[in-house]
Amino acid sequence: MASNKRQRQPEGVQKITAFLTKKTKSSTEQPDPGSSILNTKTNEVTESDVQSNVNELSVVLNDQDPALNVNAYHLISNNFGPYQPKDIQFPRVNGRSFRQDWYVLHEWLEYSPINDAAFCFYCRCFPPSNKYNELAYTLHGFKTWARATKSFKDHENSASHKEASVKVSGFHSSKNVGSIATNVSTYYTNCSEKQRVFDSSFG
């Protein structure tokens with residue numbers, strides 16, 4: 001006989017559900033089309049709605065578990081890096097488990113407590129042109145820990161990962177250059193303003 005007991009949702013999913021429920025209630029009480037993630041036409045929350053509010057979701061979740069499939073490009077754009085929880089109890093399966101020291105060896109590596117699986121942050125930020133490449137590290141998660149060392153190295157040597165790594169490096173460089181340019185522009189603007197004030201005092 002089938003059980004009527006409902007299966008408990010992962011904690012991360014529960015938090016999202018609670019967040020969306022709260023947003024739905026607040027939008028009903030005080031409609032705000034500019035900030036609500038509720039689709040006013042269909043009265044449903046769509047994937048694009050959630051992705052566009054990734055910053056607000058991040059505050060609620062206090063993490064970016066890759067199993068939640070939050071848009072990784074939005075995360076890196078907001079100065080988030082690979083999700084690497086530490087000092088937690090990693091589940092043992094057949095005598096094997098995820099190892100925290102792998103973070104040091106592979107800076108791109110991230111771990112999902114929800115799925116007990118490893119992902120590649122770089123490849124999630126810049127997915128392979130062939131969406132079927134490296135699915136274990138971008139969508140499903142890798143969890144065959146007995147083969148982890150070899151699999152991680154194979155992934156690093158894959159064309160898809162190398163391309164994503166170059167794009168991540170370029171992304172960070174462009175942000176740094178932009179920051180420097182902004183600081184230089186601000187400096188000269190301030191200098192010009194000071195010079196204008198100085199000149200006007202003798203005008």
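Anyway, here's the lowdown on the structure attached to this text. In this text, all values refer to a predicted model and were calculated from it rather than measured experimentally. (Residues numbered from 1 in each chain as written. Predicted model: local features only at pLDDT ≥ 70, side-chain atom pairs only at ≥ 80, totals over all residues. Heavy atoms only, no water.)

1. Topic: the side chain of D65
And step 1. Residue position: D65 is located in the loop between helix 3 (54–61) and helix 4 (72–77).
And step 2. Here the side chain of D65 touches I114 through a polar contact of 3.3 Å, landing on its backbone nitrogen.
And step 3. Ignoring any residue separated from it by four or fewer positions in sequence, one finds D65 in contact with Y83, S112, P113 and I114. (Helix = DSSP H or I, 4+ residues; strand = E, 2+ residues; numbered from the N terminus. Polar contact = N/O pair within 3.5 Å; in protein donor to acceptor, adjacent residues only side chain to side chain. Contact = heavy atoms within 4.5 Å.)

2. Remarks on the packing of aromatic side chains
And step 1. Tallied over the entire structure, the rule returns 16 aromatic pairs.
And step 2. With a centroid separation of 5.2 Å and an interplanar angle of 50 degrees, the aromatic rings of F90 and F98 are classed as tilted. There is no split in this pair, since F90 and F98 are both buried.
And step 3. Relative to Y111, the ring of F98 lies with its centre 4.6 Å away and its plane at 35 degrees, an arrangement referred to as tilted. (Phe/Tyr/Trp six-rings, centres within 6.5 Å; stacked < 30°, edge-to-face > 60°. Buried < 20%, exposed > 50% of the residue type's maximum accessible area, 1.4 Å probe, protein only.)

3. Section: the pattern of salt bridges
And step 1. Per the stated rule, a full pass over the model turns up four salt bridges.
And step 2. The closest approach of N and O atoms between R99 and D101, which form a salt bridge, is 2.8 Å.
And step 3. You can call R99 partly exposed: its relative accessible area is 41%.
And step 4. Assessed through its relative accessible area of 35%, D101 is described here as partly exposed. (Salt bridge = Lys/Arg side-chain N within 4 Å of Asp/Glu carboxyl O.)

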